[in-house]
Amino acid sequence: MEELKYWLGFSLVKGIGPVRFRNLLEYFGSAREAWEARPEELARAGLDRRSIENLLAVRKRVSLDQEMEKLQKVGIRLVSWKDEDYPYNLRHVENPPFLLFVKGTLKPQDEWAIAVVGTRRPSVYGKEATRFLVEPLARSGVTIVSGLAKGIDGLAHQVALEAGGRTIAVLGSGLDIIYPPEHKSLAQAITENGALISEYPLGTPPEATNF
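One structure accompanies this document, and this report is about it. (Residues numbered from 1 in each chain as written. Predicted model: local features only at pLDDT ≥ 70, side-chain atom pairs only at ≥ 80, totals over all residues. Heavy atoms only, no water.)

**Concerning the overall build of the protein chain**
- Counting its regular elements, the protein chain contains ten helices and six strands.
- For the protein chain, the C-alpha radius of gyration of 19 Å lies close to 17 Å, the compact-globule estimate for 211 residues.
- Taken along the three principal axes of its C-alpha coordinates, the protein chain extends 60 × 30 × 30 Å.
- Each of the 211 residues in the protein chain was classed as buried or not, and the buried ones make up 45%.
- Considering only residue pairs separated by 6 or more positions, the protein chain has 67% of its internal contacts joining residues 24 or more positions apart.
- As displayed, the protein chain offers around 11,600 Å² of accessible surface, 51% of which is attributable to carbon and sulfur atoms.
- If the 27 positive side-chain charges of the protein chain are averaged to one point and the 27 negative ones to another, these points end up 4 Å apart. (Helix = DSSP H or I, 4+ residues; strand = E, 2+ residues; numbered from the N terminus. Rg over C-alpha atoms; globule rule 2.2 N^0.38 Å. Buried < 20%, exposed > 50% of the residue type's maximum accessible area, 1.4 Å probe, protein only. Contact = heavy atoms within 4.5 Å. Areas by Shrake-Rupley, 256 points an atom, 1.4 Å probe, with all protein chains shown as cover. Lys, Arg positive; Asp, Glu negative; His and termini not counted. Charge placed at Lys NZ, Arg CZ, Asp CG, Glu CD.)

As structure tokens, then:
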């Protein structure tokens, strides 16, 4: 847990993604050593000037202990790519997020998952097709993954829950900002039989580039 808070710290630093973070871990040996390193050491590790400035700014204004407490209070846990329950399929993509924010449960059975996404303004046929595809999959134990958006995404989650299956919503915002707002009750239901997941820290707005 002590080391994990430094992973959280790096997730708050603009310009440090999976590749740079992995390089820092390899150079310093731990996230804590990298977090506490002097600017010249960070430069030798390969960070550019802007990333170093961003890191120093975050270190100055953020209490990592307080950030961890915020997560605990709202029931969000951190899952790093070192953890056993880091999603198997995500782990094997190129440069996966080094840290996930999770509310709900992740289970080994979620390896059997299928993503269902679509338009925010579906036709009657689109809705019927979504139900036709999702319901039997959910009943068969396949986890339904979508983005909690209006239209097909929200419907896919809802149908999976109605079928007694598991579903995971991947958000393009912090988990404290449910988007769209009208899906707050759906989001809560998902946490009870699946999970909300984001690679973005608390307070991150649902900007278009995050999706």
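Additional details are given in the paragraphs that follow.
**Some points on helix α1 (residues 4-11)**
- Counting buried residues along α1, eight of its eight residues qualify, which places the element largely inside the surrounding structure.
- Buried within α1 we find Leu 4, Lys 5, Tyr 6, Trp 7, Leu 8, Gly 9, Phe 10 and Ser 11.
- In this structure, the buried residues of α1 make contact with α2 (18-28), α3 (31-35), α5 (49-61), α6 (64-73), β1 (77-80) and β2 (99-104).

**Focus: unusual backbone geometry**
- A cis amide bond, omega 0°, links Tyr 179 with the succeeding residue Pro 180.
- Within the fold, Pro 180 resides in the loop between β5 (167-170) and α10 (184-192).
- Positive phi is not limited to glycine here, since Asn 95 has a value of about 50°.
- Among the residues examined, Asn 95 registers a relative accessible area of 41% and is labelled partly exposed.

**Overview of the side chain of Thr 204**
- Relative to the elements of secondary structure, Thr 204 occurs in the segment after β6 (194-198).
- Only 2.8 Å separates the side chain of Thr 204 from the backbone oxygen of Pro 201, close enough to count as a polar contact.
- Every residue in contact with Thr 204, bar those within four places of it in the chain, is listed here: Ser 173, Gly 174, Ile 177 and Asn 210. (Polar contact = N/O pair within 3.5 Å; in protein donor to acceptor, adjacent residues only side chain to side chain.)

**Here we look at the sheet that holds β1**
- On the basis of which strands lie adjacent, the open sheet formed by six strands has the order β1-β2-β6-β5-β4-β3 and mixed pairing. What marks the edges here is a single partner per strand, and that holds for β1 and β3 (113-115). Averaged over all pairs of adjacent strands, the angle between strand axes in this sheet comes to 25°, irrespective of strand direction.
- Here β1 pairs with β2 via four bridges, running antiparallel. Across the sheet, residue Ser 80 finds its bridge partner in β2, namely Leu 99.
- The strands that helix α9 (residues 152-162) touches are β4 (143-146) and β5; relative to β5, the one it contacts most, it runs at about 155°. (Pairing = 2+ DSSP bridges. Axes fitted to C-alpha atoms, helices over the stretch in contact; angles between N-to-C directions.)

**Quick notes on the nonpolar core**
- Counting 49 residues, the largest nonpolar core has Trp 7, Phe 10, Phe 21 and Leu 24 as the members making the most contacts within it.
- When residues of this core are assigned to their parent elements, the largest contribution, five residues, is made by α1.
- Apart from residues lying up to four places away in sequence, Phe 10 is in contact with Ile 16, Phe 21, Leu 24, Ala 31, Ala 34, Trp 35, Leu 55 and Phe 98.
- Counting ten residues, the second-largest nonpolar core is a separate cluster that includes Ile 152, Ala 156, Val 159 and Ala 163. (Core = buried A, V, L, I, M, F, W, Y, C linked by side-chain atoms within 4.5 Å.)

**Things to note about the environment of Arg 50**
- You can see Arg 50 is positioned in helix α5.
- As for Arg 50 and Lys 150, which are separated by 100 residues in sequence, their C-alpha atoms are 37 Å apart.

**Remarks on the packing of aromatic side chains**
- Counted by the stated rule, this structure contains nine aromatic pairs.
- Aromatic pair Phe 21 and Trp 81: ring centres 6.3 Å apart, planes at 50°, arrangement tilted. Taken together, the residues span a long stretch of sequence, with Phe 21 in helix α2 and Trp 81 in the loop between β1 and α7 (88-91) at a distance of 60 residues. Of the two residues examined, Phe 21 and Trp 81, each falls in the buried class.
- Here the guanidinium or amino end of Arg 22 rests over the ring plane of Trp 81, the centre of that ring lying 4.2 Å away. (Phe/Tyr/Trp six-rings, centres within 6.5 Å; stacked < 30°, edge-to-face > 60°. Lys NZ or Arg CZ within 6 Å of the ring centre and 35° of its normal.)

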